[in-house]
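The residues making up each chain are set out below.
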Amino acid sequence: MSKLTFIDQNNLPEPRKGQPLPERLLEGDPRFLSWDIAKTEDGQVSCGLWEATPGAYRSIKGKVFEFCYILSGVSELSEEGGETRRIGAGDSFVMHPGFGVWKVIETTRKIWVERS
């Protein structure tokens, strides 16, 4: 078994489809596609790709820390009482539990790595 996992955006597994829970939806009708790429045997660390269509919602994250690298699109991230930050291709950041609001301006795709 290989100790490397490559992410080939032209050859992805079947995505999971989703959308924000109704109580978290703030604007529009965003839809999500999530491609699970790899995870540890205990499920504590996982990674994949995610894509969302325009709209805004609260991204709570539970107890999860998530590293994100934006591949395409434009979104805005904001925390209660904090500034709004516009993100796009090439940006990277870590979302902490209880994060805030994610607003997708243009369909956005990211690579994510989570630690729960």
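A quick note: this is a predicted structure, and the numbers were derived from the prediction, not measured.

Visitor: Can you break down the overall build of the chain residue by residue, with the values?
Guide: Secondary structure assignment for the chain yields zero helices and nine strands. Helices (α) and strands (β) of the chain occur, in sequence order from the N terminus, as β-β-β-β-β-β-β-β-β. Principal axes of the C-alpha set define a box for the chain whose edges measure 45 × 30 × 25 Å. The burial tally for the chain puts 34% of its 116 residues in the buried class. Total accessible area on the chain is roughly 7500 Å²; 49% of this is exposed by carbon and sulfur atoms. When the 15 basic and 17 acidic side-chain charges of the chain are each reduced to a single mean position, those positions are 3 Å apart.

Visitor: An account of the pattern of salt bridges is needed here, citing residue identities and associated values.
Guide: If you walk through the whole model with that rule in mind, you get eight salt bridges. For Asp 29, the salt bridge is made with Arg 31, and the minimal N-O distance between the two is 3.1 Å. For Arg 31, a relative accessible area of 38% puts it in the partly exposed group. Across the pair Lys 61 and Glu 66 runs a salt bridge whose closest N-O atoms are separated by 2.4 Å. In this structure, Lys 61 and Glu 66 share a single accessibility class: buried.

Visitor: Go over the side chain of Lys 110 with me, naming the residues and quoting the values.
Guide: With respect to the element layout, Lys 110 can be found in strand β9 (residues 100-115). Separated by 2.5 Å, the side chains of Lys 110 and Glu 66 make a polar contact. Leave out the neighbours within four places in its chain, and Lys 110 touches Gly 48, Leu 49, Trp 50, Glu 66, Cys 68, Tyr 69, Ile 70, Leu 71, Met 95 and Trp 102.

Visitor: Can you lay out a nonpolar patch on the surface for me, pointing to particular residues and giving the numbers?
Guide: Taken together, Phe 65, Phe 67, Tyr 69, Val 94 and Val 113 make up a surface patch of nonpolar side chains, about 410 Å² in accessible area. Structurally, Tyr 69 is set in strand β6 (residues 65-78).

Visitor: Describe the packing of aromatic side chains, listing the residues and the values that go with them.
Guide: Two numbers describe a pair of aromatic rings. These are the distance of the centres and the angle of the planes. Inspection of the entire model under this criterion finds four aromatic pairs. Taken together, Phe 32, Trp 50, Tyr 57, Phe 93 and Trp 102 form an aromatic cluster joined through their ring pairs.

Visitor: Explain unusual backbone geometry to me, using residue names and the numbers behind them.
Guide: Negative phi characterises most residues that are not glycine, and trans characterises most peptide bonds. One non-glycine residue, Lys 61, lies in positive phi territory at about 75 degrees. Along the chain, Lys 61 falls in the loop between β5 (55-59) and β6. Judged by relative accessible area, Lys 61 falls into the buried class, the value being 18%.

Reading guide: rules and limits
Residues numbered from 1 in each chain as written. Predicted model: local features only at pLDDT ≥ 70, side-chain atom pairs only at ≥ 80, totals over all residues. Heavy atoms only, no water. Helix = DSSP H or I, 4+ residues; strand = E, 2+ residues; numbered from the N terminus. Buried < 20%, exposed > 50% of the residue type's maximum accessible area, 1.4 Å probe, protein only. Areas by Shrake-Rupley, 256 points an atom, 1.4 Å probe, with all protein chains shown as cover. Lys, Arg positive; Asp, Glu negative; His and termini not counted. Charge placed at Lys NZ, Arg CZ, Asp CG, Glu CD. Salt bridge = Lys/Arg side-chain N within 4 Å of Asp/Glu carboxyl O. Polar contact = N/O pair within 3.5 Å; in protein donor to acceptor, adjacent residues only side chain to side chain. Contact = heavy atoms within 4.5 Å. Patch = residues over 30% accessible without salt bridge, like charges linked within 9 Å, V, L, I, M, F, W, Y side chains within 5 Å. Phe/Tyr/Trp six-rings, centres within 6.5 Å; stacked < 30°, edge-to-face > 60°.

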